[in-house]
Amino acid sequence: QVQLVEFGGGLVQPGGSLRLSCATFGFTFSSYVMSWYRQAPGKQRELVAVVSPIDTTNYSDLVKGRFTISRDNAKRAVYLQMNGLRPDDTAVYYCHIRHDSINYWGQGTQVTVLS
């Protein structure tokens, strides 16, 4: 019954910003690591950012300094603030949790950065 739903993607100019949101259901949200991944056409899905239950964060070197992951335990939500977007950031972005040894993914939200 774990469910993740992403929204907030769209089409943006280089250098622009987007804020992605992930709404979550069916687990004790505050106890779990939450992550954002992305997958571009023809490429492997890659880890973008991670936030722990105590708000420690880690980022891919590709987005460090430009993206910020955060969580709101009261709202059971995780966010990805994306600034300074580049064409290579174009991908489907997925919210992720590993719960009871199972990987759960949202449906994905498309981010397209014009070149």
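Everything below is about the structure printed above this text.
Computed from a predicted model, the values in this text were never measured in an experiment.

Visitor: For the nonpolar core, give the residues involved together with the corresponding values.
Guide: Ranked by size, the top nonpolar core spans 27 residues in total, and within it Met-34, Trp-36, Leu-80, Met-82 and Tyr-93 carry the most contacts. The set of elements that each furnish at least two residues to this core consists of β3 (18–25), β4 (34–39), β5 (46–51), β7 (67–72), β8 (77–82), β9 (91–99) and β11 (109–113). In terms of residues, this core owes the most to one element, β9, which gives four residues.

Visitor: Now, about the state of the cysteines: what can you tell me, with residues and values included?
Guide: This structure, assessed with the given rule, holds one disulfide. With its sulfur 2.1 Å from that of its partner, Cys-22 forms a disulfide with Cys-95. As the torsion about the S-S bond is roughly -85°, the Cys-22-Cys-95 disulfide counts as left-handed. Of this pair, Cys-22 sits in strand β3 while Cys-95 sits in strand β9, and the two are 73 residues apart along the sequence. Comparing Cys-22 with Cys-95, the two get one shared label, buried.

Visitor: Which residues make up the pairing of strand β1 (residues 3–7), and what values go with them?
Guide: Of the two faces of β1, only one is covered, namely that formed by Leu-4 and Glu-6; the face formed by Gln-3, Val-5 and Phe-7 stays uncovered. In this structure, β1 lies alongside β3, joined through five bridges in antiparallel fashion. The residue bridging Gln-3 from the neighbouring strand is Phe-25, located in β3.

Visitor: An account of the environment of Ala-91 is requested, with residue identities and associated values reported.
Guide: Positionally, Ala-91 belongs in strand β9. On the basis of relative accessibility, which here comes to 2%, the residue Ala-91 falls in the buried class. With 28 residues separating them along the chain, Ala-91 and Val-63 place their C-alpha atoms 13 Å apart.

Visitor: An account of the sheet that holds β7 is needed here, citing residue identities and associated values.
Guide: Sheet strands associate in pairs through backbone hydrogen bonding, adopting either a parallel or an antiparallel arrangement. Overall, antiparallel pairing links the four strands, which are arranged β1-β3-β8-β7 in an open sheet. Taken across any chain shown, the strands that pair with only one partner, and hence form the sheet edges, are β1 and β7. For this sheet, the mean angle separating the axes of adjacent strands, direction not counted, is 15°. Here β3 pairs with β8 via six bridges, running antiparallel. Looking at the pairing, Arg-19 lines up with Gln-81 of β8.

Visitor: Hey, could you go over the side chain of Arg-38 for me, with residue numbers and the actual values?
Guide: By the secondary structure assignment, Arg-38 is in strand β4. Of the polar contacts made by the side chain of Arg-38, one reaches the side chain of Glu-46; its length is 2.6 Å. Side-chain polar atoms of Arg-38 contact the side chain of Tyr-93, separated by 2.9 Å. Residues contacting Arg-38, with those up to four places away along its chain left out, are Gln-44, Arg-45, Glu-46, Val-48, Leu-62, Val-63, Phe-67, Asp-88, Asp-89, Ala-91, Val-92 and Tyr-93.

Thresholds applied
- Once a new chain begins, its residue numbering starts again from 1 and follows that chain's sequence as written.
- Totals for whole chains, interfaces and linings use every residue, but because this is a predicted model, local features are given only for residues with pLDDT of at least 70 and side-chain atom pairs only at 80 or more, for both listing and counting.
- To get the side-chain values, take all heavy atoms of the structure and skip hydrogens and water.
- Among the buried residues, those of types Ala, Val, Leu, Ile, Met, Phe, Trp, Tyr and Cys that are joined through side-chain atoms within 4.5 Å form a nonpolar core.
- Here's how the labels work: a residue is buried when its accessible area is under 20% of the maximum for its type, exposed when over 50%, partly exposed in between, all with a 1.4 Å probe on protein chains only.
- For the purposes of this entry, the term helix denotes a DSSP run of H or I that reaches at least four residues, the term strand denotes a run of E that reaches at least two, and both are numbered from the N terminus.
- Disulfide: a pair of cysteine sulfur atoms within 2.5 Å of each other.
- Two strands form a pair only when DSSP identifies at least two bridges running between them.
- In this analysis, axes come from line fits to C-alpha atoms, helices being fitted only over the stretch in contact, and the angle between any two N-to-C directions falls in the range 0 to 180 degrees.
- Here a polar contact means two N or O atoms within 3.5 Å. Within protein one must be a hydrogen donor candidate and the other an acceptor candidate, and residues neighboring in sequence count only if both atoms are side-chain atoms.
- Contacts are assigned to residue pairs with any non-hydrogen atoms lying within 4.5 Å of each other.

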